[in-house]
Amino acid sequence: QVQLVESGGGLVQPGGSLRLSCAASGSIFYAMGWYRQAPGKERELVARITRGGDTNYADSVKGRSTISIDNAKNTVYLQMNSLKPEDTAVYYCNVATIRGYNWGKGTPVTVSS
């Protein structure tokens with residue numbers, strides 16, 4: 001019974017930046033991450049971070065994205081810079097706990113001028 005509250009999505013111009021937030025409650029996490037799904041495509045990993053601080057990024061966002069955790073707020077952040085139209089998708093927060101995986105509702109991100 002993990003509750004996830006996502007925020008930070010919206011419309012942004014190409015080359016712009018945004019920060020996605022996911023606040024989790026209900027259980028201790030082992031890993032938290034952001035995934036995205038564009039229309040007609042499979043859901044894919046964007047970035048993931050373990051409780052120990054290990055990170056993993058998709059090649060498409062590596063170098064322009066940073067995932068981090070605020071343990072005091074139990075919140076994971078995804079800072080994305082130099083946004084491209086191909087970044088347009090619904091972004092989903094995912095939290096891994098001892099009981100399995102938990103998905104957020106999703107927050108849309110649209111990169112367009």
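Coordinates for the structure precede this section.
The following paragraphs examine the structure supplied in this document.

Conventions adopted
Residues numbered from 1 in each chain as written. Predicted model: local features only at pLDDT ≥ 70, side-chain atom pairs only at ≥ 80, totals over all residues. Heavy atoms only, no water. Pairing = 2+ DSSP bridges. Helix = DSSP H or I, 4+ residues; strand = E, 2+ residues; numbered from the N terminus. Salt bridge = Lys/Arg side-chain N within 4 Å of Asp/Glu carboxyl O. Buried < 20%, exposed > 50% of the residue type's maximum accessible area, 1.4 Å probe, protein only.

So, the pairing of strand S7 (residues 65-70)
Both S7 and strand S8 (residues 75-80) contribute to a ladder of six bridges, which runs antiparallel. Considered in S8, the bridge of isoleucine 69 is made with valine 76. What sits between the antiparallel neighbours S7 and S8 is a turn of four residues, in which asparagine 74 has the positive phi angle 50°.

Examining the pattern of salt bridges
Overall, the coordinates contain four salt bridges when judged by the stated rule. Between aspartate 87 and arginine 36 there is a salt bridge whose closest N-O contact spans 2.9 Å. Within this pair, whereas aspartate 87 is found in the loop between S8 and strand S9 (89-97), its partner arginine 36 is found in strand S4 (residues 31-37), the two being separated by 51 residues in sequence. For the pair shown, aspartate 87 and arginine 36 are each scored as buried. The residue aspartate 59 makes a salt bridge to lysine 62 at a minimum N-O spacing of 3.3 Å. Three or more residues joined by partner-sharing salt bridges are found here, namely Arg36, Glu44, Arg64 and Asp87.

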